Each structure stands twice: as structure tokens, then as C-alpha cells.
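Summary of the model geometry
Residue-level listing of the chains:
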Amino acid sequence: MAHSIRIAVKRLPNGGGLPLPAYASAGAAGMDVVAAESLRLAPGARAAVATGFAIAIPEGYEVQVRPRSGLALKHGLTCLNTPGTIDHDYRGEVKVILANLGEETFAIARGDRIAQLVPAPVLRAELDEVDDLDETARGEGGFGSTGV
């Protein structure tokens with residue numbers, strides 16, 4: 001059985017009449033999010049699209065903003081900064097940074113599903129400054145160093 005957390009959600013004035021984020025199926029990992037505005041994204045363009053709601057995430061969690069696979073595959077529409085992170089202490093309107101990587105202008109209508117939200121636990125790191133790091137088989141090999 002999946003673990004769940006409670007997230008308070010506040011509908012903003014521009015979100016009137018829109019569905020709040022919701023799971024499309026019993027097995028969905030992400031909650032679908034809809035646009036609270038209409039716009040057209042030209043090829044190569046990007047925009048922070050309003051959603052019409054704000055959330056209060058419990059401490060120890062984040063909410064990740066991820067693309068919808070169908071929009072990405074069929075139209076080249078994706079989220080930049082993916083996955084985007086909504087921090088637990090942010091209380092402003094949730095916006096989705098969309099980019100059109102396709103070859104045609106893409107129209108987004110108010111109420112269209114544009115992204116998905118996935119809550120996730122957050123670990124905080126404590127950094128220990130050292131003079132040397134332990135050795136590994138990879139060592140200092142950079143991008144692509146493990147592939148052929």
C-alpha cells in the first residue's frame with residue numbers, strides 16, 4: 001500500500017472553476033495539474049504557466065513538477081528544470097515552466113492538463129570537508145566516461 005501525506009491546497013482567484021490536482025488512475029504516481037490561463041507557445045519558447053492554486057507541503061517533503069509523457073512525445077512540450085522542486089516553505093502560486101521543443105506553435109487552453117505533481121521525501125545533507133576522497137573504479141571520469 002502506498003504511503004500518503006496530507007497537503008493543504010488553497011484555490012486562488014484565477015483557479016475558480018478548475019479541478020485541483022488529482023490522480024487520473026488508482027496506480028498513477030503523479031497528480032495531473034491544469035493550466036489556469038490560455039497561451040500559445042511558439043517553437044523554442046518557454047513560459048511559467050499559472051495553475052490557480054498554492055500548497056503547503058509538510059516539512060521533510062517536496063513536491064516535484066514533472067512533464068506529462070503524452071505532451072512530450074506527441075508535441076515536444078516539456079517542463080524545464082525537470083523535475084522542478086516546490087519547497088515545503090513556499091506558499092506562492094504553483095507555476096509550471098513549460099517549453100515547446102516541437103516544430104509547431106502549441107496552444108494551451110485554460111483547463112488543459114499540463115504537468116504532474118509527485119510528492120517526495122527530502123533528505124538534508126551535512127557536508128564534511130576533507131583533504132581527500134575515497135578511491136573508486138570510476139575515479140574522476142566525467143560525462144560519458146562509463147559508456148562505450
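An account of the accompanying structure is given in this report. (Residues numbered from 1 in each chain as written. Predicted model: local features only at pLDDT ≥ 70, side-chain atom pairs only at ≥ 80, totals over all residues. Heavy atoms only, no water.)

1. Examining the overall build of the protein
- Looking only at helices and strands, the protein features one helix and 11 strands.
- Each helix and strand of the protein, placed in order from N terminus to C terminus, yields the pattern β-β-β-β-β-β-α-β-β-β-β-β.
- Taken over the C-alpha trace, the protein has a radius of gyration of 19 Å; the compact-globule value for 148 residues is 15 Å, which it surpasses by more than 25%.
- Expressed as lengths along the three principal axes of its C-alpha atoms, the size of the protein is roughly 55 × 40 × 30 Å.
- When each of the 148 residues of the protein is scored for burial, the buried share is 32%.
- Put simply, 71% of the contacts in the protein that link residues at least 6 apart link residues at least 24 apart. (Helix = DSSP H or I, 4+ residues; strand = E, 2+ residues; numbered from the N terminus. Rg over C-alpha atoms; globule rule 2.2 N^0.38 Å. Buried < 20%, exposed > 50% of the residue type's maximum accessible area, 1.4 Å probe, protein only. Contact = heavy atoms within 4.5 Å.)

2. Description of the sheet that holds strand E1 (residues 8–11)
- Strand order in the open sheet formed by four strands is E1-E5-E9-E7, and the pairing between neighbours is antiparallel. Unpaired on one side and paired on the other, E1 and strand E7 (77–79) mark the two borders of the sheet. Neighbour to neighbour, the strand axes of the sheet diverge by 45 degrees on average, direction disregarded.
- Two strands pair when backbone bridges link them, and E1 and strand E5 (residues 46–56) are joined in this way by four bridges, in the antiparallel orientation. When the sheet's bridge partners are listed, Val9 is paired in E5 with Ile55. (Pairing = 2+ DSSP bridges. Axes fitted to C-alpha atoms, helices over the stretch in contact; angles between N-to-C directions.)

3. A few points about the pattern of salt bridges
- Under the counting rule described, the total for this entry stands at two salt bridges.
- With a closest N to O distance of 3.7 Å, Asp32 and Arg68 form a salt bridge. Residue Asp32 is located in strand E3 (residues 31–34), and its partner Arg68 is located in the loop between strand E6 (61–66) and helix H1 (69–75); the two are separated by 36 residues in the primary sequence.
- Ionic contacts of the salt-bridge type, sharing partners, join the residues Asp32, Arg68 and Arg113 into one network. (Salt bridge = Lys/Arg side-chain N within 4 Å of Asp/Glu carboxyl O.)

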